[in-house]
Amino acid sequence: MKEKILKNVAQYLCDDFVDTICTGFEERSNDFPYTLACANFIYELKNKGINFDISLFAQCPDIFDNMYNELSKYLSKVN
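Residues numbered from 1 in each chain as written. Predicted model: local features only at pLDDT ≥ 70, side-chain atom pairs only at ≥ 80, totals over all residues. Heavy atoms only, no water.

1. Considerations on the overall build of the chain
Each helix and strand counted, the chain has 3 helices and 0 strands in total. A compact globule built from 79 residues would reach a C-alpha radius of gyration of about 12 Å, whereas the chain, at 15 Å, exceeds it by more than 25%. Projected onto its principal axes, the C-alpha positions of the chain cover 45 × 30 × 25 Å. Put simply, the chain has 79 residues, and 15% of those count as buried. Within the chain, contacts between residues separated by at least 24 positions form 59% of all contacts whose residues are at least 6 apart in sequence. Carbon together with sulfur atoms contributes 57% to the accessible area of the chain, which is approximately 6,400 Å² in total. (Helix = DSSP H or I, 4+ residues; strand = E, 2+ residues; numbered from the N terminus. Rg over C-alpha atoms; globule rule 2.2 N^0.38 Å. Buried < 20%, exposed > 50% of the residue type's maximum accessible area, 1.4 Å probe, protein only. Contact = heavy atoms within 4.5 Å. Areas by Shrake-Rupley, 256 points an atom, 1.4 Å probe, with all protein chains shown as cover.)

Below, the structure is given as structure tokens:
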């Protein structure tokens, strides 16, 4: 039960991070070259009827790590 409560607290707090990050995508797009390139890649594939999920990038540690670092650096600047 305690773990479930902690998970709910974490999810609630992360919603604010999502909003902050999405604002960053719009206002500081140069800070997110890997993230936005991957999102555009997924978008283009979906438009062609090809299902591709962000979780597949986790199998490419260099790309995934770069996206994670972009987000971490941005959050450390705005908070």
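The discussion continues.
2. Topic: the packing of aromatic side chains
Scanning the model with the defined rule gives 5 aromatic pairs in all. Summarising the aromatic geometry, the rings of Phe52 and Phe57 are spaced 5.3 Å apart at their centres and angled 65 degrees between planes, so their arrangement reads as edge-to-face. Judged by its relative accessible area of 6%, Phe57 is buried. Pairwise contacts between aromatic rings join Phe25, Phe32 and Tyr74 into one cluster. (Phe/Tyr/Trp six-rings, centres within 6.5 Å; stacked < 30°, edge-to-face > 60°.)

3. Let's talk about a nonpolar patch on the surface
Together, Met1, Ile5, Val9, Tyr12 and Leu13 give the surface a local cluster of nonpolar side chains, amounting to about 600 Å² of exposed area. With respect to the helices, strands and loops of the structure, Tyr12 is situated in helix 1 (residues 2-27). Relative accessible area serves as the criterion here: at 61%, Tyr12 is assigned to the exposed category. (Patch = residues over 30% accessible without salt bridge, like charges linked within 9 Å, V, L, I, M, F, W, Y side chains within 5 Å. Salt bridge = Lys/Arg side-chain N within 4 Å of Asp/Glu carboxyl O.)

4. Comments concerning helix 3 (residues 61-78)
In this model, helix 3 (18 residues) spans 26 Å end to end at C-alpha, consistent with the 26 Å of a helix rising 1.5 Å per residue. Among all positions in helix 3, only Met67, Glu70, Tyr74 and Leu75 are buried. Each buried residue of helix 3 sits inside an arc of 120 degrees when the element is viewed along its axis, so together they form one side. In this structure, helix 3 carries Asp62, Tyr68, Lys73 and Ser76 as exposed residues pointing more than 90 degrees from its buried face. The inward-facing, buried residues of helix 3 contact helix 1 and helix 2 (33-47). (Expected span 1.5 Å × (residues − 1). Arc of directions from axis to C-beta.)

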